[in-house]
Amino acid sequence: MAVRKIIRMGHPTLRQVARSLSDSEIASAELHRLIQDMIDTLHDYGGIGLAAPQINESVRLAIVEIAGGPTRYGELPELPLKVFVNPQIDIVDPTPEGNWEACLSVPGLRGFVERPQHIVVRATNPDGEPFELELKGFAATVFQHEFDHLDGKLYIDHITDTTKFAFEEEFGRYMIDQPDGDRTANPDAPS
Ligand code: NI
């Protein structure tokens, strides 16, 4: 088990396009060790998703774990910890909706970002087996945020109204009308 350091905005790795994992790397012991490090790191920092570039590994790999439950955006579906190797997104409905996002690599800030809310994710699991996942609402935002990290993008790149970009403390004081609840069920948890 190893908790790795999460790199922050300004580190060049966060702006690189990550490379795909090869067939020989998938299912390797080294890949499984990297995935375990990512899980340990996500659990230590607290959040709902982590992409490999955030621990300075520039490969197309991400994990997501959503506890689920009621949020101010509605009911967020539970998604037990899932690993995505070489993921791709297909947009089913391009109609955008906005959500507040946060990122472990941009700590202390929140920003309002509009993204499509109905997507299909195609990826392989750590053993190289392909799978698909259809996602709607805030869950669709979570995955677009996460996989953006594999293309060297951060959520801040998508903020169109910079009056909706704030420090967490001011966000909590001025921009929402209810206190943060259980962070494990909270869509504001960074990713
Ligand atoms: Ni992030």
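Caption draft 1: Molecular detail of the pairing of strand β6 (residues 106-124). The element β6 is extensively covered by neighbouring structure, given that 15 of its 19 residues are classed as buried. Hairpin connection from strand β5 (residues 79-103) to β6: two residues lie between these consecutive antiparallel strands. Both β6 and strand β8 (residues 165-167) contribute to a ladder of three bridges, which runs antiparallel. Within β8, the position partnered with Leu109 by the bridge is Phe167. Across seven bridges, the pairing between β6 and strand β7 (residues 130-136) is antiparallel. Paired with Thr124 across the strands is Pro130, a residue of β7. The turn linking β6 back onto β7 is made up of five residues, and Gly128 within it adopts a positive phi angle of 90°.

Caption draft 2: Here's a closer look at the confidence of the model for the protein chain. For the protein chain, per-residue confidence averages 91 on the pLDDT scale, and 91% of positions sit at 70 or higher. Considering only residues more than four positions removed or in separate chains, one finds that residues 178-185, a stretch of pLDDT under 50, has 14 contacts.

Caption draft 3: Here's a closer look at the side chain of Ser105. With respect to the secondary-structure elements, Ser105 resides in the loop between β5 and β6. For Ser105, a relative accessible area of 0% corresponds to the buried category. A polar side-chain atom of Ser105 sits 2.9 Å from the main-chain carbonyl oxygen of Ile7.

Caption draft 4: Highlighting empty space enclosed by the protein. Tallying each qualifying case throughout the model produces one cavity of 30 Å³ or more. In this structure, the largest cavity spans a volume of roughly 40 Å³. Surrounding the largest cavity, 10 residues form its lining, Glu101, Ala102, Phe138, His145 and Ser191 being those nearest its centre. Mapped by element, the contributors of at least two residues to the lining of the largest cavity are β5 and α2 (138-148). Among the elements that take part in the lining of the largest cavity, α2 stands out by supplying four residues, more than any other.

Caption draft 5: Expanded view of helix α1 (residues 29-45). Here α1 is 17 residues long and its end C-alpha atoms lie 24 Å apart, about the 24 Å a rise of 1.5 Å per residue gives. Along α1, the residues that are buried comprise Leu31, Leu34, Ile35, Asp37, Met38, Ile39, Asp40, Thr41 and Leu42. Where α1 is buried, its residues touch β1 (49-51), β2 (61-66) and β5.

Caption draft 6: Seen up close, the nonpolar core. One finds Phe84, Val121, Leu135 and Phe143 to be the most contacted residues of the largest nonpolar core, which totals 22 residues. Taken together, the elements giving at least two residues each to this core come down to β2, β5, β6, β7 and α2. A total of six residues in this core trace back to one element, the largest contributor, which is α2. Those residues in contact with Leu135 that lie beyond four places of it in its chain are Gln117, His118, Ile119, Val121, Ala140 and Phe143. Within the second largest apolar cluster, 18 residues are counted, among which are Ile6, Leu21, Leu31 and Leu104.

Reading guide: rules and limits
- Residues numbered from 1 in each chain as written.
- Predicted model: local features only at pLDDT ≥ 70, side-chain atom pairs only at ≥ 80, totals over all residues.
- Heavy atoms only, no water.
- Buried < 20%, exposed > 50% of the residue type's maximum accessible area, 1.4 Å probe, protein only.
- Helix = DSSP H or I, 4+ residues; strand = E, 2+ residues; numbered from the N terminus.
- Pairing = 2+ DSSP bridges.
- pLDDT = per-residue confidence, 0-100.
- Contact = heavy atoms within 4.5 Å.
- Polar contact = N/O pair within 3.5 Å; in protein donor to acceptor, adjacent residues only side chain to side chain.
- 1 Å grid on protein atoms, 1.4 Å probe; cavity = no way out; pocket = protein on both sides within 12 Å on 5 of 7 lines; lining within 4 Å.
- Points joined across faces, edges and corners; volume = space filled by probe spheres on them.
- Expected span 1.5 Å × (residues − 1).
- Core = buried A, V, L, I, M, F, W, Y, C linked by side-chain atoms within 4.5 Å.

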